[in-house]
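Residue-level structure breakdown
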Amino acid sequence: MKILKNRKIFLTFFLLICGVSGALSQERKVLPADEGKTDASFRAFREKTLEAARRRDVKYILSIVDANIQNTFGDSNGVAEFKKMWKLSSPQSEFWDEFITVLTNGGAFFKRAGAPKKQIFQAPYTFTEFPEDLDAIEHQTIFGNNVNLRSKPEKSAPVVASLSYNIVKVDFENSVKHESKEGKYLWLKVETLGGKKGFVDARYVRSPVDYRAVFEKRNGSWKLVTFIAGD
């Protein structure tokens, strides 16, 4: 009887360990979400702003930038620093692609303490929806649906899995850097939380602390009060 009891205890412990192990290895995702379309005022503002960004309308963009816009986590804030940082009139300015990507990928409303309603919108969803229990520096997200995970960093390499919005860890040391763009990658070697490994086109991987925007409604008008990356 004692031996049988010990076996039951061992079996229970074994199943518990397996259950914990299985839970730790489950896939997790950051699914697209967009509260912006629920507010008529913000929805109209966002559509107008997107149109302006697509036609590279510098005058309009500067008209919505708050005087004290946060550009960095240091002292380089304000409109003058924003203009200096992004060089909006230059054909090589990276602002337009970054800004359009942020604006077209959802987000969520927030409100200041004591405010009667939500008048702050943060974008994109990869920032607002990222799980609080995971390190936003160590993890990134698959930025798309049915993204090919390949065995090698080549378009012709076999597809080992299809990923959709999965949370991943990136092995930068074994990823493929862009030859002409410093700090950029062509292929990223990733591993999902469920253990799937391979290479993904770098365009389809995004950090939750990559560029994001904060808009706030002030005196009846929406303003860009933050456009920043990092943590």
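Up top is the structure these notes are about.
To start, this report covers the structure provided alongside it. Please read these numbers as outputs of a predicted model, since none were measured by experiment. (Residues numbered from 1 in each chain as written. Predicted model: local features only at pLDDT ≥ 70, side-chain atom pairs only at ≥ 80, totals over all residues. Heavy atoms only, no water.)

1. Considerations on the pattern of salt bridges
Overall, the coordinates contain nine salt bridges when judged by the stated rule. Between Arg56 and Asp97 there is a salt bridge, with the nearest N and O atoms lying 3.9 Å from each other. In this pair, Arg56 is assigned in the loop between helix H2 (40-54) and helix H3 (58-64) and Asp97 in helix H5 (residues 95-103), connecting sequence segments 41 residues apart. A salt bridge links Arg203 to Asp201, with the shortest nitrogen-to-oxygen separation between them at 2.7 Å. Relative accessible area serves as the criterion here: at 58%, Arg203 is assigned to the exposed category. Salt bridges linked by common partners bring Asp66, Glu216 and Arg218 together as one network. (Salt bridge = Lys/Arg side-chain N within 4 Å of Asp/Glu carboxyl O. Helix = DSSP H or I, 4+ residues; strand = E, 2+ residues; numbered from the N terminus. Buried < 20%, exposed > 50% of the residue type's maximum accessible area, 1.4 Å probe, protein only.)

2. Digging into the layout of surface pockets
By volume, the largest pocket is sized at about 1,000 Å³. Glu98, Lys184, Ala202, Arg203 and Asp210 are the residues nearest the centre of the largest pocket, which is lined by 27 residues in total. Those elements giving two or more residues to the lining of the largest pocket turn out to be H5, strand E8 (185-192) and strand E10 (205-206). Looking at the lining of the largest pocket element by element, the count peaks at four residues for E8. Of the residues belonging to the lining of the largest pocket, the class tally is nine nonpolar, seven polar and eleven charged. Its volume calculated, the second largest pocket comes out at about 160 Å³. Taken together, Phe127, Thr128, Phe130, Pro131, Glu132, Ala136, Pro208, Val209, Arg212 and Asp231 make up the lining of the second largest pocket. Here the lining of the second largest pocket is built from residues that sort into six nonpolar, one polar and three charged. (1 Å grid on protein atoms, 1.4 Å probe; cavity = no way out; pocket = protein on both sides within 12 Å on 5 of 7 lines; lining within 4 Å. Points joined across faces, edges and corners; volume = space filled by probe spheres on them. Nonpolar A, V, L, I, M, F, W, Y, C, P; charged D, E, K, R; others polar.)

3. A short note on the sheet that holds strand E1 (residues 65-70)
Spatial ordering of the open sheet is given by E1-E12-E11-E3-E2, a layout of five strands whose pairing is mixed. Both edges of this open sheet fall to E1 and strand E2 (108-110), since each of them pairs with a single strand only. Across the sheet, the mean angle from the axis of one strand to that of its neighbour is 25 degrees, orientation sign disregarded. Helix H4 (residues 79-86) rests against E1 and strand E12 (221-228) of the sheet, and its axis sits at about 75 degrees to E1. (Pairing = 2+ DSSP bridges. Axes fitted to C-alpha atoms, helices over the stretch in contact; angles between N-to-C directions. Contact = heavy atoms within 4.5 Å.)

4. Some words on H2
Over its 15 residues, H2 runs 21 Å from end to end, which matches the ideal 21 Å to within 8%, given 1.5 Å per residue. Of all the residues in H2, the buried ones are Phe42, Phe45, Arg46, Thr49, Leu50, Ala52 and Ala53. All buried residues of H2 lie within an arc of 160 degrees about the axis, which places them on one face of the element. Turned more than 90 degrees off the buried face of H2, the exposed positions are Ala40, Lys48 and Arg54. Those residues of H2 that are buried are in contact with H3, H5, E2, strand E3 (120-123), strand E11 (212-218) and E12. (Expected span 1.5 Å × (residues − 1). Arc of directions from axis to C-beta.)

5. What about the nonpolar core?
Ile61, Phe82, Phe95, Phe99, Phe215, Leu224 and Phe227 are the most contacted members of the largest nonpolar core, which totals 28 residues. Of all elements in the fold, only H2, H3, E1, H4, H5, E3, E11 and E12 reach the threshold of two or more residues within this core. With six residues, H5 is the single largest residue contributor to this core. Sequence-distant contacts of Phe215, defined by excluding residues within four places in its chain, comprise Phe42, Phe45, Phe99, Leu103, Gln119, Ile120, Phe121, Trp222, Lys223, Leu224 and Val225. Core analysis: the next-biggest nonpolar cluster, separate from the first, contains twelve residues, Ala161, Leu163, Val168 and Val190 among them. (Core = buried A, V, L, I, M, F, W, Y, C linked by side-chain atoms within 4.5 Å.)

6. A closer look at H5
For H5, a buried count of seven out of nine residues is recorded, marking the element as mostly surrounded by other parts of the structure. Taken residue by residue, H5 has Phe95, Trp96, Glu98, Phe99, Ile100, Val102 and Leu103 as its buried positions.

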